[in-house]
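Working through the structure, step by step
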Amino acid sequence: QAFIDADRWQQYLSGVGTSLIATALALILGVALGVLVAMVRTAHDQQRPDRRKNPVLGLFNLICKIYVTVIRGTPMMVQLLITSSVLLLTSRSYTMIGILGLGINSGAYVSEIIRGGLMAVDGGQMEAGRSLGLNYLDTMRFIIIPQAIKAILPALGNEFIVLLKDTSLITVIGGKELLYAAQGIMGRTYEA
């Protein structure tokens with residue numbers, strides 16, 4: 001009754017599709033934010049100690065540190081409620097608000113994953129690239145990043161799984177995904 005009658009399986013299928021789309025969009029947003037934050041934090045950490053530090057980079061690094069600390073230190077539910085009730089109060093597209101909240105949360109975690117992968121590569125690799133005449137960007141592109149990807153990919157896979165699980169929280173702010181469809185069917189059939 002809860003799955004076959006009245007073609008209720010189509011509601012479940014629609015909910016699964018929405019959950020997968022929300023996960024993919026949140027991961028894309030999270031990776032974009034994460035790469036940006038990781039680049040700023042890694043560039044700041046790799047400044048030469050014998051030279052004067054760049055104050056603009058220091059300011060951006062401070063902003064990125066605050067973002068990562070606050071987002072990783074607060075529960076996802078609180079972030080979604082703040083996003084829907086305070087920041088985007090006039091919007092009624094709750095699924096998109098949920099995707100935005102999930103993406104912002106994922107960006108903080110992805111930035112630390114990428115930063116950890118980049119910092120895991122031995123510092124001698126950067127020196128080797130520079131001694132071969134490559135500039136900073138080419139050294140990162142051809143030497144550092146290919147080695148860091150081995151450390152980054154498994155953790156990014158885990159982040160995708162966590163995001164897929166966290167999409168159920170979108171229902172709390174009114175988004176329509178798999179849990180919403182299941183709760184609606186349970187309310188009509190009284191079968192969990």
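For the structure itself, consult the block above.
What comes next concerns the included structure. Everything numeric in this text was worked out from a predicted model, so none of it was measured.

The rules behind the values
- Residues numbered from 1 in each chain as written.
- Predicted model: local features only at pLDDT ≥ 70, side-chain atom pairs only at ≥ 80, totals over all residues.
- Heavy atoms only, no water.
- Helix = DSSP H or I, 4+ residues; strand = E, 2+ residues; numbered from the N terminus.
- Rg over C-alpha atoms; globule rule 2.2 N^0.38 Å.
- Buried < 20%, exposed > 50% of the residue type's maximum accessible area, 1.4 Å probe, protein only.
- Contact = heavy atoms within 4.5 Å.
- Areas by Shrake-Rupley, 256 points an atom, 1.4 Å probe, with all protein chains shown as cover.
- Lys, Arg positive; Asp, Glu negative; His and termini not counted.
- Charge placed at Lys NZ, Arg CZ, Asp CG, Glu CD.
- Axes fitted to C-alpha atoms, helices over the stretch in contact; angles between N-to-C directions.
- Parallel < 35°, antiparallel > 145°, perpendicular 65-115°, else oblique.
- Left-handed = near helix turned anticlockwise from the far one by under 90°.
- Salt bridge = Lys/Arg side-chain N within 4 Å of Asp/Glu carboxyl O.
- Arc of directions from axis to C-beta.
- Core = buried A, V, L, I, M, F, W, Y, C linked by side-chain atoms within 4.5 Å.
- Nonpolar A, V, L, I, M, F, W, Y, C, P; charged D, E, K, R; others polar.
- Expected span 1.5 Å × (residues − 1).
- Bend = angle between axes of the 7 residues up to and from the residue.

1. So, the overall build of the protein
Tallying secondary structure elements over the protein gives seven helices and zero strands in all. Of the regular secondary structure in the protein, the N- to C-terminal order runs α-α-α-α-α-α-α. Radius of gyration (C-alpha) of the protein: 21 Å, far over the 16 Å computed for a compact globule of 192 residues. Buried positions account for 36% of the 192 residues belonging to the protein. Contacts spanning at least 24 positions in sequence make up 73% of the contacts within the protein whose residues lie at least 6 apart. A total of about 11,300 Å² of accessible surface is found on the protein, and carbon and sulfur atoms cover 67% of it. Where the 16 positive side-chain charges of the protein centre and where its 12 negative ones centre are 9 Å apart.

2. Let's talk about the packing of helix α3 (residues 76–87) against helix α4 (residues 94–120)
The N-to-C vectors of α3 and α4 enclose an angle of 130°; their axes lie 9 Å apart at closest approach. It follows from the interaxial angle that α3 and α4 lie oblique. Crossing geometry of α3 relative to α4 is assigned as right-handed. Where α3 abuts α4, its residues M76, Q79, L80, T83 and S84 lie against I97, G98, G101, L102 and N105.

3. Overview of the pattern of salt bridges
Counted by the stated rule, this structure contains four salt bridges. The partner of R41 in a salt bridge is E112, and the shortest N-O contact between them spans 2.9 Å. One end of the pair, R41, is in helix α1 (residues 9–45); the other, E112, is in helix α4, with 71 residues separating them in the sequence. Overall, R41 belongs to the buried group, its relative accessible area being 9%. The network of salt bridges with common partners includes R41, D45, R72, E112 and R115.

4. Quick look at α3
Regarding α3, the residues found buried are M76, Q79, L80, T83 and S84. Across the axial projection of α3, the buried residues extend over an arc of 120°, all falling on one side. In this structure, the buried side of α3 is in contact with α2 (55–73), α4 and α6 (136–166).

5. Notes on the nonpolar core
Counting 13 residues, the largest nonpolar core has I114, L118, M140, I144, A148 and I152 as the members making the most contacts within it. When residues of this core are traced back to their parent elements, those giving at least two are α4 and α6. Discounting chain neighbours no more than four positions away, the residues touching I152 are I113, I114 and G117. Of all hydrophobic cores here, the second largest spans 12 residues; its members include L27, I97, L163 and I173.

6. Remarks on the packing of α1 against α6
The geometry of α1 relative to α6 is characterised by a closest axis approach of 11 Å and an angle of 140° between their N-to-C directions. Classified by the angle between their axes, α1 and α6 sit oblique to one another. Where α1 crosses over α6, the two elements pack in a sense that is right-handed. Contact residues: α1 offers S19, L20, T23, A26, L27, V31 and A43, while α6 offers Y136, L156, E159, F160, L163 and L164. For the contact of α1 with α6, the class distribution of residues is 10 nonpolar, two polar and one charged.

7. Here we look at α6
Every α-helix winds through 3.6 residues per turn, so residues three or four apart in the chain are directed the same way. For α6, with 31 residues, the first-to-last C-alpha span of 37 Å runs short of the 45 Å given by 1.5 Å per residue. Where α6 bends most, at I144, the angle is about 45°, and the proline P146 comes one to four residues later. Among all positions in α6, only T139, M140, I143, I144, A148, I152, L156, E159, L163 and D166 are buried. The inward-facing, buried residues of α6 abut α1, α3, α4 and α5 (123–131).

Interpretation note: all reported values are geometric properties and have no functional meaning in isolation.
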